[in-house]
Amino acid sequence: MQNLINIILSHEAEKIPMILKSYQLDINSFFLDRTPLQFAIQDKHLGCIKVLLENGADPNLGNENYGFPLKMAVSNNFYEITNLLLEFGANVDQADQKNQETALHFAVFSSNERITKLLLSFGANPFLKDEFDETPIDLATDKVLAFLKDYSIKFIDYSPSLFDKFINPYQMDTKLNKREYSIDFPQLKEIQHIANGAFGSVFIAEYKDKYVAVKKFSNLHGYSLELFEREISVLCKCNHPNIIQIIGYHYPEEILQKNQTENKENDKNEEILKKSEIKYDPCIVLEYLPKGTLYEKLKNLKRKKVKLKHPIIVRYAKDIAEGMKYLHSLKFIHRDLKSSNILITEDNHLKIIDFGYSRYEAKEYDLDPLTFNTGTLNWMAPEILRKESKYTSKVDVYSYGLVLWEIVFRQVPYRVHLQSVRNYDLRNEVGYKKVRPQLPITKQAPQEIIDLIKKCWKQNPDSRPSFDEICKILSNIKF
Ligand SMILES: Nc1ncnc2c1ncn2[C@@H]1O[C@H](COP(=O)(O)OP(=O)(O)O)[C@@H](O)[C@H]1O
Ligand SMILES: [Mg+2]
């Protein structure tokens, strides 16, 4: 055993299997009060830890003096080690025998945001009590409290078996980058710039003999990176004909590594990012839809004075509703639904794009720093305009109502108001005075669509239908 420990202390990971075999050692026995794994963790040697785990070291085995392995890793702020232990099946909720503290108690108490998020993504229970009856939520510092609370709501809502499917919108899914969505960046050949976005540009490119759309994020800082991470987190979960299909993404190693620096301070991190040379910007590669956005199409129709036929209006309404029904079934809220975030396919169907502002649905309150910075004013639900801290997926239903209005009247909502009244205060008018775009009595759309618009933009979110109900209403429209 002494030999094995010496090898661990001299970081000769490759020799471990041979020593274990030739001396027939029990990898889970104790030496000087510690297991070999605990020695390796104390010595912070990732290579040795990995080899020990691969050779059957029990990630949950520890003793009172040194604590269990996960506690050792978390209390020393070892992110990579924590991740490795969890991947090898460490019990995320294991509690210290002495004081009943879990790894999450340690992480929140020391304000370690990354490790807290990591533990949560492995399904850590935020309601377990320590010897003083305190839960991680009680101990959390301001820095980690917001997302811990947000997560707690989800913890109540969803059974633990769903956690392997769980995506935390605040963090990059730690395993995402290793999955099939990583792209081979040098194979991407840019052909043409097509749009300027809020945080970068969109290009047409050639990738593996196909045309693709590439959404590049060039202003690298904390906020735009967060949007990028949100967008890929959502897109990688979606597979639906009315939602844009992701082909892959590029998350530069340099940024990923900087992001994974232990105890990263945001400001510091940004500084490092500015200094470091980033070869390729982060980007998202999507299927390319050459027919442009619904916004552009409606604008062109209006210019040419062409009205949409009723069956097409209903088809568009159905396409968006089906896509949104699917998105909501995954518990995501889009938060920026509007005609310029909807694309037209070759066969004149619609697909929803732009998931940067999307978030996981929190039922009761919302402590997301992005809360008051979401979406585009004209399509924003009154409860968001009033800056209420509580809102639900019904904000998307409101925006959907406005998109239907756009489809019928082929113009941007409130354009007339904005032109006629100087400094028109949309926030106040829509948020408090219940003003909506005009609904002239015309035969421009089936009556059912006009009625649906009115239902969707109701002031009270609870009175708005769900996308489930909307899909049913639409399927009953007969011509
Ligand atoms: N897959 C795509 N195919 C074709 N055009 C696209 C695609 N994705 C985005 N675009 C174009 O780029 C614009 C900006 O993309 P979007 O995802 O909405 O980014 P932003 O967050 O900057 O609004 C869209 O309005 C659309 O014109
Ligand atoms: Mg957009």
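Just so it is clear, the structure is predicted and the values come from calculations on it, not from any experiment. (Residues numbered from 1 in each chain as written. Chains lettered and ligands numbered in written order. Predicted model: local features only at pLDDT ≥ 70, side-chain atom pairs only at ≥ 80, totals over all residues.)

For the protein, the count of helices and strands is 21 helices and nine strands. In the protein, the share of contacts with a sequence separation of at least 24, taken over all contacts with a separation of at least 6, comes to 70%. (Helix = DSSP H or I, 4+ residues; strand = E, 2+ residues; numbered from the N terminus. Contact = placed C-beta atoms within 7 Å.)

Another point: the packing of helix α4 (residues 46–54) against helix α6 (residues 79–87). It is the contact of α4 with α6, at a shortest axis distance of 11 Å, that shows an interaxial angle of 5°. By the angle class used here, α4 and α6 are roughly parallel. Between α4 and α6, the contacting residues are Leu46, Ile49, Lys50 and Leu53 on the first element and Glu80, Ile81 and Leu84 on the second. Its residues assigned to classes, the contact of α4 with α6 shows five nonpolar, no polar and two charged. (Axes fitted to C-alpha atoms, helices over the stretch in contact; angles between N-to-C directions. Parallel < 35°, antiparallel > 145°, perpendicular 65-115°, else oblique. Nonpolar A, V, L, I, M, F, W, Y, C, P; charged D, E, K, R; others polar.)

Before going further, it helps to examine helix α14 (residues 294–303). Buried within α14 we find Leu294, Lys297 and Leu298. Seen end-on, α14 carries its buried residues on one side only, within an arc spanning 95°. Residues Asn300 and Arg303 are exposed on α14 and point more than 90 degrees away from its buried face. Structurally, α14 contributes buried residues whose contacts are with β7 (342–344), β8 (350–352) and α17 (394–409). (Buried ≥ 20, exposed ≤ 12 C-beta atoms within 10 Å, placed from the backbone. Arc of directions from axis to C-beta.)

A separate point is α17. Residues spaced three or four apart along an α-helix face the same direction, because each turn holds 3.6 residues. Spanning 16 residues, α17 covers 23 Å between terminal C-alpha atoms, matching the ideal 22 Å at 1.5 Å per step. Counting buried positions over the 16 residues of α17 gives 16, a clear majority of the element. Phi turns positive one or two residues past the end of α17, at Arg410, with a value near 50°. (Expected span 1.5 Å × (residues − 1).)

At Asp33, a residue that is not glycine, the phi angle is positive and equals roughly 75°. Of note in the backbone geometry, Lys434 takes a positive phi value of approximately 60° without being a glycine. The topology assignment puts Lys434 in the loop between α19 (426–431) and α20 (447–456). A count of 11 C-beta atoms within 10 Å places Lys434 in the exposed class.

Okay, the nonpolar core next. Membership of the largest hydrophobic core comes to 67 residues, with the highest contact counts inside it found for Ile320, Tyr400 and Leu404. Looking at this core element by element, the count peaks at 11 residues for α17. Both domains that furnish three or more residues to this core are identified here as domain 2 (162–287) and domain 3 (294–475). The contacts of Tyr400, once residues within four sequence positions are left out, are Ile320, Ala321, Met324, Leu337 and Cys456. (Core = buried A, V, L, I, M, F, W, Y, C linked by C-beta atoms within 7 Å. Domains from an automatic or database assignment.)

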